[in-house]
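Analysis of the macromolecular model
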Amino acid sequence: MDLALGWFSYADPYLHPGLRLGRTTSIDCFGWGVPWRAGKSPSTWANYVSEFSLGTWTCVIFVNIMFVATLYCFESDRSREALGICIMYAYAMLMEQESKIKNQAFHLRIFLTNWLWYCLIITTAYRASLGSFMTVPAHAKDFNSMTDILKSDLKIVGGPDVVKILEQTSKTSEISRKFLARFQTLPPQDFESVMNQTVLVRDIAVFGVKRFLYYHSRPQAKKIKVKIPFRLIPGCLLRAHTTQLLVQKNSHLYNIINNVLYRLFETGIIDHHILHLGSNRLLPAEKIKGRPLKMKVIWCTFFMLMFGYIVSLIVFLFERKFPPSKNRKHKVTLVKPVDLTKLQSKRQERNFGQRHFYKGQYLW
């Protein structure tokens, strides 16, 4: 054999010493392929608290506490019952329940008006987001590191060509030694069936070249109409140079082949075919997750609420300094009584002498 075409790696432990690889054309990334959303499923409560981000929930709780504290400060009765009434009053307004309490103070009216406006926006946003989360429930978490694989019950498998790589990395890495202890070497078989088990059965984690895993998963990707039917753990455990040509060690074709590869590499033809087969650039770490409402979207609501609180405080201080007079005299307009007998006689005089026509004849 003088020349061989294929995909050969410099990290291949079974490469015969009498063979020689051509010029490097690409770099392979050895990593892990796991099923999509193979992590722990979220709890039921996640559908009710994932609507807002942590910062938004913090502001909502703080504003509610401040509202209850403000109402309690205006209460003349400082008992526990009064505090409970203030809490239930704030909760009833959030639940859009009618309140029959009438507030005569002008500063309290401003204070409660801003609070009602805030409750309208917050409850509307929460209900809209809750409907979307209940329609499309939260999925299980994706694996993002090798530690997540070790904590799971997935079977750790791989081809016989990657065992040597794990053995070499286990000399310097503790996590590689743990993987090697659970590693199961696959027998020689069609690797497409292994990827089918990863996508459909969802009980194994495969170690290998990411490009190689992606290439053999394309039939399943076409069936379920997605680009990548499994999850690739971000990062590479090992990067190895690869080439497409293999010759004998003392072959006279070595320099000629390298010159051809140089020309193909400079023209971009090799990059085009590598991208077509599925390079690492086609393997983004995509996630399916909800979009909680963040503070950068709803900050204006809290700003307007705080502005209303400041206005009500200014009005409160103004009313304390200039209290309204309790003995204020109102101008009363007297209405002259009307004599109904004279009014009736005037109406009779106005209608006297008029003849009314009804059904073709005069009544008088």
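Residues numbered from 1 in each chain as written. Predicted model: local features only at pLDDT ≥ 70, side-chain atom pairs only at ≥ 80, totals over all residues. Heavy atoms only, no water.

Taking an unreviewed UniProt entry as the reference, the chain is identified by name as Ionotropic glutamate receptor C-terminal domain-containing protein belonging to Cacopsylla melanoneura. What UniProt records for the chain under Subcellular location (unreviewed entry) is the sentence "Cell membrane". Within the UniProt record for the chain, the comment given under Sequence similarities (unreviewed entry) is "Belongs to the glutamate-gated ion channel (TC 1.A.10.1) family." (UniProt positions renumbered as here; feature names shortened; annotations may be inferred.)

**Details of unusual backbone geometry**
The residue Arg-37 is not glycine, and still its phi comes out positive at about 50°. Mapping Arg-37 onto the fold places it in the loop between strand E3 (26–34) and helix H1 (46–49). The class of Arg-37 is partly exposed, set by a relative accessible area of 25%. Of note in this structure, Arg-202 is not a glycine but carries a positive phi near 60°. (Helix = DSSP H or I, 4+ residues; strand = E, 2+ residues; numbered from the N terminus. Buried < 20%, exposed > 50% of the residue type's maximum accessible area, 1.4 Å probe, protein only.)

**Brief notes about the state of the cysteines**
All told, the structure shown has one disulfide when counted by the stated rule. The side chain of Cys-29 participates in a disulfide bridge whose partner is Cys-236; the two sulfur atoms lie 1.7 Å from each other. Between Cys-29 and Cys-236 the sulfur-sulfur dihedral comes to about -110°; the bridge is accordingly left-handed. A residue pair is termed long-range when its members are at least 10 positions apart, and Cys-29 in strand E3 and Cys-236 in the loop between strand E7 (231–232) and strand E8 (238–248) qualify at 207 residues. Residue Cys-29 is classed as buried on the basis of its relative accessible area of 2%. (Disulfide = S-S within 2.5 Å.)

**Brief notes about the pattern of salt bridges**
The final tally for this structure, using the stated rule, is two salt bridges. Residues Arg-211 and Asp-28 are paired through a salt bridge, measuring 3.1 Å at the closest nitrogen-oxygen approach. On the criterion of sequence distance, the pair formed by Arg-211 in helix H9 (residues 210–216) and Asp-28 in strand E3 is long-range, its members being 183 residues apart. The residue Glu-174 makes a salt bridge to Arg-177 at a minimum N-O spacing of 2.5 Å. Of this pair, Glu-174 and Arg-177 both sit in helix H7 (residues 174–182), three residues apart, which is roughly one turn of the helix. In this structure Glu-174 comes out as partly exposed when scored by relative accessible area, which is 46%. Residue Arg-177 is classed as partly exposed on the basis of its relative accessible area, which comes to 38%. (Salt bridge = Lys/Arg side-chain N within 4 Å of Asp/Glu carboxyl O.)

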